[in-house]
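Listed below are the residues making up each chain.
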Amino acid sequence: MEQRLVELKEITKSFGNVNALSHVTMHVNKAEIVGLIGDNGAGKSTLIKILSGVHSPDSGELWIRGKCVEGRWTVAKAHTAGIETVHQDRALAVQHTVARNIFMGREITGLFGLIRVKKQYEEAERLMREIGFTSKVFNPDSVVATLSGGERQGVAIARALYFEAELLILDEPTTALSLTETQKVYNFMLAAKEKGSSVLFISHNIFHAYDIADRFVILDRGG
Amino acid sequence: MSTTSTSLPAATPSRTQPKPFRQWVNNNRRALSALMIFVVMLTIFMILSPRVFTNPITYRSIFISLPISLFVVVPLVFIIASGEIDLSFPATAGITSWVFAAAVRDGWDPFTAVIPALLLGILVGVSVGTLVTYVGLSSLVATLGMNFLLRGIINMGTEGIAIQFPQMRELLFWQIFAGRIDNFPWIRGFPIHMLWGLLFVGLGWILFNRHKFGTHVQIVGDNPASAAEMGINVNRVKIRAYIFMGIGATLAGVLSVLVNQNWWPTTGDGLLLPALAAVFVGGTPTWGGIGTVVGSSIGVGIIASIETGIIAAGLTGYVTQFFNGLVIILSLIGQRFNGPRHR
Ligand SMILES: Nc1ncnc2c1ncn2[C@@H]1O[C@H](COP(=O)(O)OP(=O)(O)OP(=O)(O)O)[C@@H](O)[C@H]1O
Ligand SMILES: [Mg+2]
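The structure displayed is predicted, hence computed values, not measured ones.

What counts, and where the lines are drawn
- Every chain is numbered on its own, with residues counted from 1 as its sequence reads.
- By the order in which they are written, chains take letters starting at A while ligands take numbers starting at 1.
- The predicted nature of this model means local features are confined to residues of pLDDT at least 70 and side-chain atom pairs, given and counted, to a pLDDT of 80 or more, with totals for whole chains, interfaces and linings taken over all residues.
- Side-chain measures were taken over the full set of non-hydrogen atoms in the model, leaving aside hydrogen atoms and water.
- For every residue, the accessible area obtained with a 1.4 Å probe (protein chains only) is divided by the maximum for its type, and the residue is called buried under 20%, exposed over 50%, and partly exposed between those limits.
- Secondary structure follows DSSP: runs of H or I at least 4 residues long count as helices, runs of E at least 2 residues long count as strands, and numbering of each begins at the N terminus.
- For two strands to count as paired, DSSP must find a minimum of two bridges between them.
- Consider each residue's heavy atoms; a residue with any of them within 4 Å of a molecule or strand counts as near.
- Here a polar contact means two N or O atoms within 3.5 Å. Within protein one must be a hydrogen donor candidate and the other an acceptor candidate, and residues neighboring in sequence count only if both atoms are side-chain atoms.
- Here the accessible surface of atoms and residues is derived via Shrake-Rupley with a 1.4 Å probe, and residues count as covered only by protein chains that are part of the display.
- Polar here means any residue other than Ala, Val, Leu, Ile, Met, Phe, Trp, Tyr, Cys and Pro, which are nonpolar, and Asp, Glu, Lys and Arg, which are charged; Gly is therefore polar.
- Axes here mean lines fitted to C-alpha atoms, for a helix over just the part in contact, with angles spanning 0 to 180 degrees between N-to-C directions.
- Contacts: residue pairs with any heavy atoms within 4.5 Å of one another.
- Note that domain bounds follow an automatic or database assignment of domains.
- By convention, the term buried area covers the 1.4 Å-probe accessible surface removed from two parts as they join, with the contributions of both added.
- Whenever a carboxyl oxygen of Asp or Glu lies within 4 Å of a side-chain nitrogen of Lys or Arg, that contact is scored as a salt bridge.
- In this description, a donor is an N, O or S atom within 2.8 Å of the metal centre, a cutoff extended to 3.2 Å for sodium, potassium and calcium. Water is not part of the atom list, which can make sites seem incomplete.
- For our purposes a nonpolar core is just a set of buried Ala, Val, Leu, Ile, Met, Phe, Trp, Tyr and Cys residues, chained together by side-chain atoms within 4.5 Å.

Describing the pairing of strand 8 (residues 198-202) of chain A
Look at any regular strand and the pattern is simple: side chains alternate between the two faces of the sheet. Residues and elements named next belong to chain A. Of all five residues in strand 8, five are buried; the element is thus mostly enclosed. Neither face of strand 8 is exposed, since Ser198, Leu200 and Ile202 on one face and Val199 and Phe201 on the opposite face are all buried. Relative to strand 8, strand 3 (residues 33-38) runs parallel, the two sharing four bridges. Bridge pairing links leucine 36 to isoleucine 202 in strand 8. Where strand 7 (residues 167-171) lies against strand 8, five bridges are found, and the strand directions are parallel.

Points about the site of ligand 1
Residue and element names in this part refer to chain A. Taken together, 14 residues lie around ligand 1, and Asn40, Gly41, Lys44, Ser45 and Thr46 are the ones closest in. Within the side chain of asparagine 40, an N or O atom sits 2.9 Å from an oxygen atom of ligand 1. At 3.2 Å, a backbone N or O of alanine 42 approaches an oxygen atom of ligand 1. Relative to its unbound accessible area of 640 Å², ligand 1 is 63% covered by the protein chains. Breaking the shell around ligand 1 down by element, the ones donating at least two residues are strand 2 (18-29) and helix 1 (44-51). Here the shell around ligand 1 gets three residues from one element, more than from any other, and that element is helix 1. When grouped by side-chain class, the residues that make up the shell around ligand 1 number four nonpolar, seven polar and three charged.

Quick word on the sheet that holds strand 9 (residues 215-219) of chain A
Residues and elements named next belong to chain A. With respect to topology, five strands assemble into an open sheet ordered 6-7-8-3-9, the strand pairing being parallel. If you trace the sheet from one side to the other, it starts and ends with strand 6 (83-86) and strand 9, each paired once. Mean inter-strand twist for the sheet, computed between neighbouring axes without regard to direction, equals 15°. Helix 5 (residues 149-162) rests against strand 6 and strand 7 of the sheet, and its axis sits at about 175° to strand 6.

A closer look at the domain arrangement of chain A
When the parts come together, some accessible area is lost, and that loss is often what is quoted as the size of the interface. All names here are of chain A. Each domain of chain A was delimited in the assignment, giving domain 1 (1-82 + 165-223) and domain 2 (93-163). A straight line from the C-alpha centre of domain 1 to that of domain 2 covers 24 Å. Facing the 12 residues of domain 1 at the interface are 10 residues of domain 2. Both faces considered, domain 1 and domain 2 share a buried interface measuring about 820 Å² in area, 63% of it formed by carbon and sulfur atoms. Among the residues of domain 1 in contact with domain 2, His79, Leu168 and Phe188 are the three that bury the most area, contributing 46% of the side total. The interface formed by domain 1 and domain 2 contains zero salt bridges. Where domain 1 packs against domain 2, one counts four residue pairs in polar contact (both at pLDDT 80 or more). Across the side of domain 1 that touches domain 2, the residue classes tally to seven nonpolar, three polar and two charged.

A look at the interface of chain A and chain B
On the chain B side, the residues contacting the 48 residues of chain A number 37 residues. Summed over both partners, the interface of chain A with chain B comes to about 3500 Å²; 55% of that surface belongs to carbon and sulfur atoms. The largest share of the area that chain A buries against chain B comes from A:Gln95, A:Arg100 and A:Lys136, three residues that together contribute 18% of it. Taken together, chain A and chain B are joined by one salt bridge. B:Glu229 is paired through a salt bridge with A:Lys49; the nearest N and O atoms lie 3.5 Å apart. Between the two partners, chain A and chain B, sit 12 residue pairs in polar contact (both at pLDDT 80 or more). Of all elements in the fold, only helix 2 (75-80), helix 4 (117-130), helix 5 and helix 6 (179-194) of chain A reach the threshold of two or more residues within the side of chain A that touches chain B. It is helix 5 of chain A that contributes the most residues to the side of chain A that touches chain B, five residues altogether.

Details of the coordination of the magnesium ion (ligand 2)
Note on the magnesium ion (ligand 2): its protein donors are A:Ser45 (OG) and A:Gln88 (OE1). The metal-donor distances range over 2.0 to 2.1 Å. Linking A:Ser45 in helix 1 with A:Gln88 in the loop between strand 6 and helix 3 (98-102), this pair joins segments that are 43 residues apart in sequence.

Digging into the nonpolar core
A general trend in soluble globular proteins is that nonpolar side chains are found buried together. Of all hydrophobic cores here, the largest spans 95 residues; its most connected members are B:Val72, B:Leu76, B:Phe78, B:Phe89, B:Phe100 and B:Leu258. For this core, the element with the highest residue contribution is helix 4 (residues 56-81) of chain B, accounting for 14 residues. Every residue in contact with B:Phe100, bar those within four places of it in the chain, is listed here: B:Pro110, B:Ala113, B:Val114, B:Ala117, B:Phe173, B:Val254, B:Val257 and B:Leu258. Counting residues in hydrophobic clusters, the runner-up holds 37 residues, among them A:Ile108, A:Phe133, A:Ala158 and A:Phe201.

Laid out in C-alpha cells, this is it:
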C-alpha cells in the first residue's frame, strides 16, 4: 500500500447555516501531486484551510503520517508538520515589506524576541534569487502594495517554498500568472515531487492541471 | 515567477540598490513629516515671540507635563496600528493612580504601591481586550463604555475627594521619577521625568519596529485574515496591545500624581483628546496596519507647544482650541502626502 501523508476522514464543516463540507474523505500520498477540483463554492478552500489549521472541522478526523490528530489542529502545528499553504487570498499584509511578509508569523528572532531584520532581508534576497523571482523594480524591502497582482502571488509562493514543505498546498496558484509563469509554478510542483514531497493544488484549469497531477479529487457541493 | 517581461533570469541580482539615505528617508517619511511640522511651528512661534521661545524656561515648563502624555501615546500607536481604538485610557490612568495614591496615603512605600496599580492596569487591559476580541464588541463603543464605567467607580468611591501629597518632594521615589536635574549646569532644573518619557519612547520604538510583538500588531492591523492564515493569534495580539495600553496608562497616572503632588478624581481626563490628536498629527494613520512611535511622540510635542505658543504670542487662552484644531487639520493635510492609503 502507498504511504499516506495526510488523510481527512468524514470531515464536516458549516458556517452558520451554510453547509460548506459534509462527510468529505480524501488523502494525499507521499510524493504525489493531487489536483482538487470542483465548482465555485464547492468547499475546496474550506477543505484546505482545515488541513492547514486555519479552520477546525465540526466533525471528522485528520490523520497525519498515519497518526490521528488529537486536540486542536493549528496553523503552527501544520507548519511544524511540514505543511505549507498558498491561500487563495495570498495571505499578505500589503502595507509591509516583502521580507516581512515572507517571515510573517515565523520571524527570525534573536535575544528577547528581537527580530533579526538584516538576516531576514538576506534570506529573502537569497530565496528570491534562487527561485528566479527578481526584478529591477522590487527587492525584499519593497512594500507589497506597490507590486502587481502576479508579483504578489509570487511572494506568497516564494514564502511557501522557503520553508521546504513536505506537503505543499496551493489554492489556485496560477490564476493571475502568465503562461510562462504558470509553467514555472508547475516546475516547482514537479521539483517538490522529485524531492519526495507532495502537492495538493486547486485549479479551475483542468486542461493544464491534467499534465502534472497524478490524481484528481473532485469536490461536488460539499460532498 | 512573475518578474517583469524584460528581466531575464540573471546570474547576478539585477535590481538597482536604492541609495541608503533615500531609502531611510522613505522608510521614515511619517516621523520626518512630524518633525518638519514641529520645526515649522516652533519657527513661527520664535518669530512671533522670540524672547519666550529662545528661553529654556519655556521648554522646561512644556517638559513638565509632556512626558505624562508620552506614556499613553506610545501604546496608543500600537492600539491604532492593530486596527482598534482606545478611549478608556483616561479613566484607566485615573483609577490606577487612585490605587497608588491611596496606598501611599495609607503609609505604603511608593515603590510597593506601584505594583497593585500596575496589576490593575493590566487587568483593565485584559478586560478591554477580551471585550474587543472574544466578545466581539466594537472597540470604539466598548472602550467608551469602559471609560465611563471606571470613572464612575472612582466617583462612587471617592465622592469627589482628592488626595494631597504636600510632602511628596521629600520621597526618594519622587526624586528619581519626577525630580529635577541639578548636577549638570547647562540643564539645571530640567525635569527628570522627561528622560523617563524619552526612555519609554525608545523602548516603544524597539518593541514596535524590531520586536515580534510590534510586527504582529502591525500585521494584524493590516489584514487580520492574512495574519490568522499565517498562524498569528489575532485575538491574543490585540489583548496584548491593550495590556500594554493599560500599563502605559498606569505609568501616566502615577506620574501625573507625582508631578502635581496631588490625585484628583478627574486625574487622566485631560489626556484623551490631546493624546489622540498627537497620535494622528504625528503621522500614525487612522486605518491601522502601520504607525510611527517616534512621529506620534513628536506629535505630543506639537500639541503641547501650541498652548504655550499662543499665550507667549500674546493671544488670549480663548483662541487655544481654535489653533489646536487648525494645527491638527493642517498637519493631517501635510501627512496626507506621505504616500497613498493602501487599504
Ligand atoms: N469564513 C466563512 N464564513 C462563512 N461562509 C464561508 C466562509 N468560508 C467559506 N464559506 C462558504 O462556504 C462555501 C464554500 O466556500 P469555499 O471558499 O470553500 O469554496 P471554493 O470551493 O473554494 O470556491 P472557489 O472556487 O470560488 O474558490 C461557500 O458557500 C462560502 O460562502
Ligand atoms: Mg476557493
